[in-house]
Amino acid sequence: MFTQPIATLRRDGDALVILDQTRLPWRVVERRLATLEDVAEAISTMRVRGAPLIGCVAAYGVAVALSTGAGDDAVLDHALTVLRATRPTAVNLAWALNRMDARLRPLSSAARREASWIEAGDIYAEDAAMCAAIGASGMGLLRAMPRRAGRTLRVMTHCNAGWLATAGMGTALAPVYAACAEGLEVEVFVSETRPRNQGLLTAWELAAAGIRHTLMADNAAGLLLMRGEVDAVIVGADRIAANGDTANKVGTYLKALAARASGVPFYVAAPVSTFDAGTACGEMIPVEERAAEEVFFVEGLDGEGCPKRLRLAQEGTCVVNPAFDVTPADLVSGFITERGMIGVEGLSDFLRSVRT
């Protein structure tokens, strides 16, 4: 069974301790979140990343708020409102908060405090189990792929959808971890994912796991796919609309287009909680616009191994910085879920079965 090398979050009394991902891959630093404001800041500034983990942290954020407040309806409502506003695109956040609200609303103020920690813990544990099931579903897919002579199976991914982004082994990386555990050799082509460089977190994860990988500039994806150097693209998701349109880290759409043009399958790995039956299509998905500062600056290590922040663009430069893009459903080869592989054509029946 997969165990995270470092817990992405843990309870510490009435507070939450997270692995601060803004310090990775150069430093491993934990951060204690003792107030609702601490939790909201951690989500909005991407100290925690990945739709499943954001949902887990938001659930625990409600527990933190109720532990430090009166626990009445006003406190609960305030916590839900503050946390909902932190990251509008990732539907797992809203899903987790709705679940917390449904569980806690009927209870007395006194009963809510302990119940909130229990419910948040259940969400976290269930996410770990869902990751394992996604890994099993995707491993079968990888095992069945034809091998090219003279090299291992190659998977391209974008952003970070590994154990850092979840409570377990990840979503897009879960099939890779599961396959490697079974002895199937897989090499991962890791996209940088600028401007936040979340691909560096994927490379850090894979290096620690001893899994062969190659870091590439985002713009190299099209050429590599065209040359037939990649066998499949697997990405995570922040929200999947009812028709299969998928919001993920900006740059995903370009990889989907290149994959289709090159005849390479493009898969989305996500738990059921990422499917949003209430959003009809991708045009209805809110796309978060982040600060220009993320594009202006880059972080890294200097010659002495100390973290440094450098400006890339001159002041006054106009910047657009959408955090996500939307890949149309007709570019998606299939969805890898904890309930198995789902084709776009079977998505309506799948969502109907989930609701019932």
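Treat the numbers as computed from the prediction; the structure is a model and nothing was measured. (Residues numbered from 1 in each chain as written. Predicted model: local features only at pLDDT ≥ 70, side-chain atom pairs only at ≥ 80, totals over all residues. Heavy atoms only, no water.)

Q: I keep staring at the nonpolar core and nothing clicks. Help me out?
A: Within the largest apolar cluster, 37 residues are counted, with the highest numbers of intra-cluster contacts made by Leu9, Leu16, Ile43, Val57, Val62 and Leu83. Those elements giving two or more residues to this core turn out to be strand S2 (15-19), helix H1 (36-44), helix H2 (51-68), helix H3 (73-84), helix H4 (91-104) and helix H5 (109-144). The element contributing the most residues to this core is H2, with 12 residues. Apart from residues no more than four positions distant in its own chain, valine 57 is found in contact with Leu9, Leu16, Val39, Ile43 and Val48. (Core = buried A, V, L, I, M, F, W, Y, C linked by side-chain atoms within 4.5 Å. Buried < 20%, exposed > 50% of the residue type's maximum accessible area, 1.4 Å probe, protein only. Helix = DSSP H or I, 4+ residues; strand = E, 2+ residues; numbered from the N terminus. Contact = heavy atoms within 4.5 Å.)

Q: What should I look at first to understand the pattern of salt bridges in this one?
A: The tally for this structure, following the rule as stated, stands at 26 salt bridges. Here arginine 47 and glutamate 41 are joined by a salt bridge, their closest N and O atoms 3.0 Å apart. Taking relative accessible area as the criterion, arginine 47 reaches 15% and is therefore assigned buried. Among the ionic pairs, glutamate 293 bridges to arginine 309, the shortest N-O distance being 3.1 Å. Of the two residues, glutamate 293 is situated in helix H10 (residues 293-296) and arginine 309 in strand S13 (residues 307-311); the sequence distance between them amounts to 16 residues. On the accessibility criterion, glutamate 293 (46% relative accessible area) is partly exposed. One salt-bridge network, held together by shared partners, links Asp73, Asp77, Asp101, Arg105 and Arg112. (Salt bridge = Lys/Arg side-chain N within 4 Å of Asp/Glu carboxyl O.)

Q: Whenever I open this one, the packing of H2 against H5 confuses me. Can you help?
A: Two packed helices can be described by the angle between their axes and the distance between those axes. For the pair H2 and H5, the least separation of the axes is 8 Å and the interaxial angle reads 170 degrees. Relative to H5, the element H2 lies roughly antiparallel. Here H2 contributes Pro52, Cys56, Ala59, Tyr60, Ala63, Val64, Leu66 and Ser67 to the contact with H5, which in turn contributes Arg112, Arg113, Ser116, Trp117, Ala120, Gly121, Ile123, Tyr124 and Asp127. Considering only residue class, the contact of H2 with H5 consists of 11 nonpolar, three polar and three charged. (Axes fitted to C-alpha atoms, helices over the stretch in contact; angles between N-to-C directions. Parallel < 35°, antiparallel > 145°, perpendicular 65-115°, else oblique. Nonpolar A, V, L, I, M, F, W, Y, C, P; charged D, E, K, R; others polar.)

Q: Before we go on, may I ask you to explain the sheet that holds strand S4 (residues 153-157) in this structure?
A: In any sheet, the strands associate via hydrogen bonds between backbone groups, in a parallel or an antiparallel arrangement. With mixed pairing, seven strands are arranged side by side in an open sheet as S6-S5-S4-S7-S10-S15-S16. Whereas interior strands pair on both sides, the edge strands pair on one side only; in this sheet they are strand S6 (213-216) and strand S16 (340-342). Averaged over all neighbouring strand pairs, the angle between strand axes comes to 25 degrees, with direction disregarded. Across three bridges, strand S10 (residues 266-269) lies against strand S15 (residues 334-337) in parallel orientation. Bridge pairing in S15 links tyrosine 267 to glycine 334. Packing against the sheet, H5 makes contact with S4, strand S5 (186-191), strand S7 (232-235), S10, S15 and S16, and its axis sits at approximately 135 degrees to S15. The strands touched by helix H7 (residues 199-209) are S4, S5 and S6; relative to S5, the strand with the most contacts, the crossing angle is about 155 degrees. (Pairing = 2+ DSSP bridges.)

Q: Just checking my understanding: could you explain the side chain of aspartate 218 for this structure?
A: Looking at the element boundaries, aspartate 218 is found in the loop between S6 and helix H8 (221-226). Buried within the structure, aspartate 218 lacks any salt-bridge partner; lysine 255 is the closest side chain of opposite charge, at an N-O distance of 4.6 Å. Setting aside chain neighbours within four positions, we find aspartate 218 in contact with His158, Ser191, Glu192, Thr193, Arg194 and Lys255. (Lys, Arg positive; Asp, Glu negative; His and termini not counted.)

Q: I would appreciate a short explanation of the packing of H2 against H4 in the present structure.
A: Packing of H2 against H4 brings their axes to within 7 Å, and their N-to-C directions diverge by 35 degrees. As for the relative orientation of H2 and H4, their crossing is right-handed in sense. Every residue of H4 that contacts H2 at Ala51, Pro52, Ile54, Gly55, Ala58, Ala59, Val62 and Leu66 is listed here: Asn92, Leu93, Ala96, Leu97, Met100 and Leu104. Grouping the constituent residues of the contact of H2 with H4 by class yields 12 nonpolar, two polar and no charged. (Left-handed = near helix turned anticlockwise from the far one by under 90°.)

Q: Sorry if this is basic, but what is going on with the environment of aspartate 20 here?
A: Of note, aspartate 20 is situated in the loop between S2 and strand S3 (30-33). When residues no more than four places from it in sequence are discounted, the contact partners of aspartate 20 are Val29, Arg31 and Arg47. A distance of 2.9 Å separates the side chain of aspartate 20 from the side chain of arginine 47, its partner in a polar contact. (Polar contact = N/O pair within 3.5 Å; in protein donor to acceptor, adjacent residues only side chain to side chain.)

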